[in-house]
Amino acid sequence: MGYIRVRNLGKAYKRYRSKYGRLLEWLRLGVHHDLRWVLRDVSFDVEPGEAVGIVGVNGAGKSTLLKIIAGVVKPTTGSVEVGGRVSALLELGTGFHPDFTGRQNVYMSGQLKGLTKKELDAKIKEIEDFAEIGDYFDQPLRTYSSGMQVRLAFSVATCVRPDILIVDEILSVGDAYFQHKSFNRIRAFRDEGTTLLFVSHSPAAVKTLCDRALLLDAGVLVKDDSPDATLDYYNAVIVKQQEDLKIRQIESETGRKITRSGSGKAEIISVELLNGGKPVRAIRSGEPVTVRVGAKINAPIDELTVGILFRDRLGNDVFGTNTFHHGCSLSCPPVGQECWVDFQIPSLFLGTGSYSLTVALHKSHSHVSGNYDWWDRAVVFQVVPGEQPPSIGVCNLPVSVKWVSSLSPRIPWSVG
């Protein structure tokens, strides 16, 4: 079983002050560089069989961290202890030679990963079948598309179940069919006990595959929590990059930790889920509901958009919309004004289960362009069975069913 121990890890690269700086240092004429830290004091453990996702904006240090754990890059400070056979998918085409055929690259890359020729002989047909690149398997790699290289690289790296599988974002290059196929193999490895370290910008993939998620921001580990909690916090970090925002963890009356972020130019003062004009926390599937959001304008703004987002108990987005998309955002509301907006839903056809409501005040179509206040899990509510027949899933679609005794007129088969 594979495990990972990371202690006080740091990585810095030299940035020379002039084009002659490196030469001057070689000649021992003083120090002519500054250190640019891409990782600082990162510590965490990954237990055997655990699946851990790593998220963060571009440049946060995610890929550097994976390279250090995989042994490709040496750390500046700290240490990494890895137990078990490691298979890493980091950069596209790593270890491949463009003039060699796919088959030749399989043997070369496989042996670099520690596999013997005998093991590769036994696996070569399976690798070829999984990659599904046809005759290109015996063509030079330079004739491959990027997606075909991903197929081949993934097939080699996962031909033998490793103790530890490290996967960077490269699977996003492949087509949708191969992405599904790859994730199924990763999921199977995880179920069989492989330890997984997974970098992705896809919240759904992190929530589906991982037990925990780590958030890196400017090379610092700022969050180590459940995927849902970490991704909520990640949303606030994304917005912080757009403008000077503060992230505040607030303890609600029930003890739930929620994340709010925003510039404060406009503030959410109330959120209610109404049924029949009364606040509710339990709704029958298919009943009408109204989401009422109250806001206060604290500073001059050009536009006020109010958005809502329903999420299921795992944190997956179910449905979201905002006033901008409905053509009714407010233009230049006066400072000090309090206003309310109703989102009326004639029939809330959600499946039975627990859901949360996230609310945001921002500018234009997206909170990233100018976030005033983002409130995660402002309301948590339960959907109970309605009058419809029982169903499973996060939606409860209205369906009518009837038996068809005969089809007339018959639709002739076309031949040729």
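Structure: see above.
No experiment lies behind these values; they were computed from the predicted model shown.

Let us now look at the environment of Gln 388. With respect to the element layout, Gln 388 can be found in the segment after β21 (371–384). The spatial distance from the C-alpha of Gln 388 to the C-alpha of Val 399 is 8.8 Å, given a sequence separation of eleven residues. Apart from the residues lying within four places of it in its own chain, the contact partners of Gln 388 are Ser 285, Gly 286, Phe 349 and Asn 396. At a separation of 3.4 Å, a polar atom in the side chain of Gln 388 contacts the main-chain carbonyl oxygen of Ser 285. Within the local environment of Gln 388, its side chain forms a polar contact with the side chain of Asn 396, the two groups lying 3.5 Å apart.

Our next topic: the pairing of strand β15 (residues 289–297). Within β15, seven of the nine residues are buried, leaving the element largely enclosed by the surrounding structure. As paired elements, strand β12 (residues 266–275) and β15 share eight bridges and run antiparallel to each other. Note on β15: the bridge partner recorded for Glu 267 is Lys 296. Note: β15 against strand β19 (residues 338–345), eight bridges, orientation antiparallel. Its bridge partner lying in β19, Val 293 is registered against Val 341.

Positive phi, normally seen in glycine, also occurs at Ala 218, with a value near 55°. Within the secondary structure, Ala 218 sits in the loop between β8 (212–217) and β9 (220–225).

We now examine the packing of aromatic side chains. Inspection of every chain in the model, using the stated rule, returns seven aromatic pairs. Ring geometry for Phe 130 and Phe 154: centres 6.0 Å apart, planes at 25°, overall stacked. Of this pair, Phe 130 sits in helix α4 (residues 117–131) while Phe 154 sits in helix α5 (residues 146–157); the two residues are 24 residues apart in sequence, bridging distant segments of the chain. Neither residue differs from the other here; Phe 130 and Phe 154 are each classed as buried. Pairing Tyr 136 with Tyr 144 gives two aromatic rings, centres 6.0 Å apart and planes at 90°, and the pair type is edge-to-face. You can call Tyr 144 buried: its relative accessible area is 7%. Chaining the aromatic ring pairs together yields one cluster made of Phe 130, Phe 154 and Phe 178.

Turning to the sheet that holds β15, a few remarks are in order. The sheet built from four strands is open, its strands ordered β13-β12-β15-β19 with antiparallel pairing. Edge positions in the sheet fall to β13 (278–279) and β19, since each of these pairs with one other strand and no more. Across two bridges, the pairing between β12 and β13 is antiparallel. Residue pairing in the sheet places Asn 275 in a bridge with Lys 278 of β13.

This part takes up α4. In α4, a bend of some 50° at Lys 123 exceeds every other bend along the element. Restricting attention to buried positions, one finds in α4 the residues Leu 120, Ile 124, Ile 127, Phe 130 and Ala 131. On its buried side, α4 packs onto α3 (102–112), α5 and α6 (176–191).

Closest axis-to-axis distance for the α4/α6 pair is 11 Å, and the angle between their directions is 135°. Classified by the angle their axes make, α4 and α6 are oblique. The segment α4 lies against α6, with Glu 126, Asp 129, Phe 130 and Ala 131 engaging Phe 178, Lys 181 and Arg 185. When the residues that make up the contact of α4 with α6 are grouped by side-chain class, the tally is three nonpolar, no polar and four charged.

Across its 16 residues, α6 extends 22 Å between first and last C-alpha, which sits within 8% of the 22 Å expected from 1.5 Å per residue. Within α6, the full set of buried residues consists of Phe 178, Lys 181, Ser 182, Arg 185, Ile 186, Phe 189 and Arg 190. On its buried side, α6 packs onto β3 (51–55), α4, α5, β6 (164–167), β7 (195–199) and α7 (203–209). Residue Gly 193 follows α6 closely and has a positive phi angle near 110°.

With that settled, consider the pattern of salt bridges. A complete count under the given rule lists 24 salt bridges for this structure. Between Lys 123 and Glu 126 there is a salt bridge, with the nearest N and O atoms lying 3.3 Å from each other. Taken together, the positions of Lys 123 and Glu 126, both in helix α4 and three residues apart, correspond to about one turn of that helix. Residue classification places Glu 126 among the partly exposed positions, given a relative accessible area of 34%. The salt bridge involving Arg 311 is made with Asp 317; its shortest N-O contact spans 3.1 Å. Given a relative accessible area of 53%, Asp 317 falls into the exposed group. Three or more residues are tied together by salt bridges with common partners; here these are Asp 232, Arg 311, Asp 317, Asp 376 and Arg 377.

Rules of the game
- Residues numbered from 1 in each chain as written.
- Predicted model: local features only at pLDDT ≥ 70, side-chain atom pairs only at ≥ 80, totals over all residues.
- Heavy atoms only, no water.
- Helix = DSSP H or I, 4+ residues; strand = E, 2+ residues; numbered from the N terminus.
- Contact = heavy atoms within 4.5 Å.
- Polar contact = N/O pair within 3.5 Å; in protein donor to acceptor, adjacent residues only side chain to side chain.
- Buried < 20%, exposed > 50% of the residue type's maximum accessible area, 1.4 Å probe, protein only.
- Pairing = 2+ DSSP bridges.
- Phe/Tyr/Trp six-rings, centres within 6.5 Å; stacked < 30°, edge-to-face > 60°.
- Bend = angle between axes of the 7 residues up to and from the residue.
- Axes fitted to C-alpha atoms, helices over the stretch in contact; angles between N-to-C directions.
- Parallel < 35°, antiparallel > 145°, perpendicular 65-115°, else oblique.
- Nonpolar A, V, L, I, M, F, W, Y, C, P; charged D, E, K, R; others polar.
- Expected span 1.5 Å × (residues − 1).
- Salt bridge = Lys/Arg side-chain N within 4 Å of Asp/Glu carboxyl O.

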